Amino acid sequence: MIDLKLLQKDFETMSKKLQRKGVDATLLEQLKVKNETLKLAKTAFETLQAAQNAMSKEFGIYKREGKDISELKARVDANKIKVAEAIEVQREAQEELEKMAMAIPNVPDDSVPDGADEADNVELKKVLTPREFSFTPKEHWELAEKNGWIDFERGVKLATSRFSVSFGMGARLERALINFMLDFNRERGFEEVSVPALVNRTALEGTGQLPKFEEDLYKMESQELFLIPTAEVPVTNLYQDEILSADELPKRMTAYTSCFRKEAGAAGRDTRGMIRQHQFHKVELVAITTPDTSEIMFEQMVNCASDILTALELPHRLVNLCTGDLGFSAAHTTDIEVWLPGQNQYREISSISNTRAFQARRAKIRYKNGKKNEMVHTLNGSSLAVGRTLVAIMENYQNEDGSIDIPQVLKPYLGM
RNA sequence: GGACAAGUGGGUGAGCGGCUGAAACCACAUCCCUGCUAAGGAUGCGUACGGGUAACUGUACCGAGAGUUCGAAUCUCUCCUUGUCCA
């Protein structure tokens, strides 16, 4: 949620910044007016309610003293109608305001470059040099099928398109990667947590997936629960509606979960292979920090994810997402793209975001700063998407005959 | 799945429909006293939103929602959660 107080105080600046994210200026204008309306409605209601409370108190005194209450009752009854009207006005204003505010994305940092889509993202640095192949490297689906690691047809048979099944070394590699990543993260100070894969509406509103992106979520029919699109949702919401003490910050967590996405807007993209699946494994990093330390944490998280790829000897690069590619909740995001020689391009494998207080305001996560309660900063990042890592291993470690070498760091996890 | 019971502030735990935003205790914070490994005393100590330079003040919140009432932590209903017993 955007900071309504700040919007009120410095409308011009905030409006300009949000327009970079494509938010309609008139919508913000309306929001500001609505906020003022709500304030007036609140004051009106509270004044009436105060009178009501005062009269009710008098009522008790009258009765105790045996005085006649008929005149007082008439006054109180008349006021009661006004109170009822006032609260209705306030409730409506509140609802409308919330509806508008919840649909507005986070304010992008000034460091976020302008741009329409991923083509405008800015490369920050490259890590490791892609290897030279003496043959034409194959794409991962070809390698996966050739080695019997992944069966795309049977995934479709069991569910629908964009589902796959891993067999043998493919399945074992996934498990090895998950364990390797969790261990790696733990050594960097992230506590491992295991969380539900189904969450309620409140949790998804807290991290910003709802109300705007419901069409990309799988929803249960029997009750209002959704399959998580990322572990960011349950892990961040662990502390929803809590006031943390300063000395328990920063909180650093890592979790492995399956993630579920309808990929509603991605029809026709990456239809082959396991780049874009409805269900995929991911190891996630989540941090909750004080506002003044969130950028340091951000660096640590980016490094953590990048270092995993380095340990796996996978060439990759860091890019700063432009306004058009930036997610709803993020103030700024660094994507990590891994080199895929089969596709001859870098592809996203991790996304690390600082949402600053945006999610904290929605999820009501605060901490005690001296006497005052302040919003925390929340950050999240993948480290890494397991399926895509497997893809990267297949394409980067392939041999001319189609066989695939195993990265050195994974061998202990495979009993090799 | 069925029966019963309970859900109060960081914790334990009182609470008659008005004098309860909520006793008491513990924890915590500040101060005082003492000078020895521990104790005593004083005060303070929920959250959100609004008004005020400030002291302070208004409204709401006692699992959630709805209702009865001039007035609800306290009565009624629904739901959720937890515990116990039965299947």
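Only a predicted model underlies this, so the values are computations on that prediction, with no experimental measurement involved.

Thresholds, definitions, all that
Residues numbered from 1 in each chain as written. Chains lettered and ligands numbered in written order. Predicted model: local features only at pLDDT ≥ 70, side-chain atom pairs only at ≥ 80, totals over all residues. Heavy atoms only, no water. Phe/Tyr/Trp six-rings, centres within 6.5 Å; stacked < 30°, edge-to-face > 60°. Helix = DSSP H or I, 4+ residues; strand = E, 2+ residues; numbered from the N terminus. Buried < 20%, exposed > 50% of the residue type's maximum accessible area, 1.4 Å probe, protein only. Lys NZ or Arg CZ within 6 Å of the ring centre and 35° of its normal. Axes fitted to C-alpha atoms, helices over the stretch in contact; angles between N-to-C directions. Parallel < 35°, antiparallel > 145°, perpendicular 65-115°, else oblique. Left-handed = near helix turned anticlockwise from the far one by under 90°. Contact = heavy atoms within 4.5 Å. Salt bridge = Lys/Arg side-chain N within 4 Å of Asp/Glu carboxyl O. Domains from an automatic or database assignment. Core = buried A, V, L, I, M, F, W, Y, C linked by side-chain atoms within 4.5 Å. Pairing = 2+ DSSP bridges. Polar contact = N/O pair within 3.5 Å; in protein donor to acceptor, adjacent residues only side chain to side chain. Expected span 1.5 Å × (residues − 1). Nonpolar A, V, L, I, M, F, W, Y, C, P; charged D, E, K, R; others polar.

Enquirer: Looking at this structure, how should I read the packing of aromatic side chains?
Expert: A ring pair, where both rings are aromatic, is described by two values, the distance of the centres and the angle of the planes. For the structure shown, the criterion picks out 6 aromatic pairs. With centroids separated by 5.7 Å and ring planes inclined at 75°, the aromatic side chains of Phe328 and Phe358 adopt a geometry described as edge-to-face. Taken together, the residues Phe328 in the loop between strand 10 (316–320) and strand 11 (332–340) and Phe358 in helix 11 (residues 358–363) connect sequence positions 30 residues apart. Of the two residues, Phe328 and Phe358, both sit in the buried class. The ring of Phe11 has Lys32 sitting right over it, with the charged end atom 5.4 Å from the ring centre.

Enquirer: How do you make sense of the packing of helix 7 (residues 168–187) against helix 10 (residues 294–311) when you look at a structure like this?
Expert: Two measures define how a pair of helices packs: the angle their axes make with one another and the distance between the axes. Interaxial distance between helix 7 and helix 10 falls to 11 Å at its minimum, and their mutual angle equals 130°. On the basis of their axis angle, the class for helix 7 and helix 10 is oblique. Classified by chirality, the crossing of helix 10 by helix 7 is right-handed. For the pair helix 7 and helix 10, the contacting residues are Phe180, Met181, Phe184 and Asn185 in the first and Cys304, Asp307, Ile308 and Ala311 in the second.

Enquirer: Help me understand the pattern of salt bridges, please; the structure alone is not making it clear to me.
Expert: Should their charged atoms come close, side chains of opposite charge can pair. According to the stated counting rule, one finds 27 salt bridges in the structure shown. Residues Glu224 and Arg201 are paired through a salt bridge, measuring 3.1 Å at the closest nitrogen-oxygen approach. With Glu224 in the loop between helix 8 (201–207) and strand 6 (226–227) and Arg201 in helix 8, the pair connects residues that are 23 residues apart, well separated along the chain. Connected through shared salt-bridge partners, Glu123, Lys126, Arg317 and Glu337 make up one network.

Enquirer: Can you help me understand the domain arrangement of chain A in this one?
Expert: Accessible area lost upon the coming together of the parts is a frequently used measure of interface size. Under the domain assignment used here, chain A contains domain 1 (4–102) and domain 2 (118–414). Inter-centroid distance (C-alpha atoms) of domain 1 to domain 2 is 43 Å.

Enquirer: Honestly, the nonpolar core in this entry has me stumped. Any pointers?
Expert: Buried together is how nonpolar side chains tend to be arranged in soluble globular proteins. Among the nonpolar cores identified, the biggest contains 49 residues, and Met394 and Leu410 are the most heavily contacted of them. Looking at this core, the elements that each hand over two or more residues are helix 5 (140–146), helix 7, strand 9 (279–289), helix 10, strand 11, strand 12 (345–354), strand 15 (377–385) and helix 12 (386–396). Formed by 20 residues, the second largest nonpolar core is a distinct cluster that contains Ile2, Leu28, Ile104 and Val107.

Enquirer: Explain unusual backbone geometry to me, please; I cannot follow it from the model alone.
Expert: In most cases, non-glycine residues show a negative phi, while peptide bonds are predominantly trans. In this structure, Pro250 follows Leu249 across a cis peptide bond, with omega equal to -5°. By the secondary structure assignment, Pro250 is in the loop between strand 7 (242–245) and strand 8 (251–260). The amide bond that connects Ser383 to the next residue, Leu384, takes the cis arrangement and shows omega of 5°. The residue Leu384 is located in strand 15 in this model. The backbone of Asn344 shows a phi angle near 55°, a positive value even though the residue is not glycine. Secondary-structure assignment places Asn344 in the loop between strand 11 and strand 12.

Enquirer: Honestly, the sheet that holds strand 14 (residues 372–375) in this entry has me stumped. Any pointers?
Expert: Through backbone hydrogen bonds, the strands of a sheet pair up, either in parallel or in antiparallel fashion. Strand order across the open sheet formed by 3 strands is 7-13-14, with mixed pairing between neighbours. Edge positions in the sheet fall to strand 7 and strand 14, since each has one partner strand and no second. Strand-to-strand twist across the sheet, computed as the mean angle between neighbouring axes with direction ignored, equals 40°. Two elements, strand 13 (residues 365–369) and strand 14, share 4 bridges in a ladder whose sense is antiparallel. What sits directly across from Tyr367, in strand 14, is Glu374.

Enquirer: It is not clear to me how helix 12 should be interpreted in this structure. Could you clarify?
Expert: Since the α-helix turns once every 3.6 residues, residues separated by three or four places project in the same direction. With 11 of 11 residues buried, helix 12 is to be regarded as a mostly interior element. Where helix 12 is concerned, the buried positions are Val386, Gly387, Arg388, Thr389, Leu390, Val391, Ala392, Ile393, Met394, Glu395 and Asn396.

Enquirer: I tried to follow the side chain of His140 on my own but got confused; where do I start?
Expert: As for its placement among the helices and strands, His140 is situated in helix 5. Polar contacts involving the side chain of His140 include one to the main-chain amide nitrogen of Met274, which spans 2.9 Å. Apart from the residues lying within four places of it in its own chain, the contact partners of His140 are Gly273, Met274, Ile275, Val391, Met394 and Glu395.

Enquirer: Would you mind showing me how to read helix 10 here?
Expert: With 18 residues, helix 10 should cover 26 Å at 1.5 Å per step; its first-to-last C-alpha distance of 25 Å lies within 8% of that length. Looking only at helix 10, the buried set comprises Ser294, Met297, Phe298, Met301, Val302, Cys304, Ala305, Ser306, Ile308 and Leu309. Glu313 sits one or two residues past helix 10 and shows a positive phi near 60°.

Enquirer: Looking at this model, I keep getting lost on the packing of helix 3 (residues 25–65) against helix 4 (residues 70–102). Mind explaining?
Expert: Contact geometry for helix 3 and helix 4: axes closest at 8 Å, N-to-C directions at 155°. Taken together, the axis directions place helix 3 and helix 4 in an arrangement best described as roughly antiparallel. Every pair of crossing elements has a handedness; the one defined by helix 3 and helix 4 is left-handed. Residue classes in the contact of helix 3 with helix 4 are distributed as 20 nonpolar, 7 polar and 8 charged.

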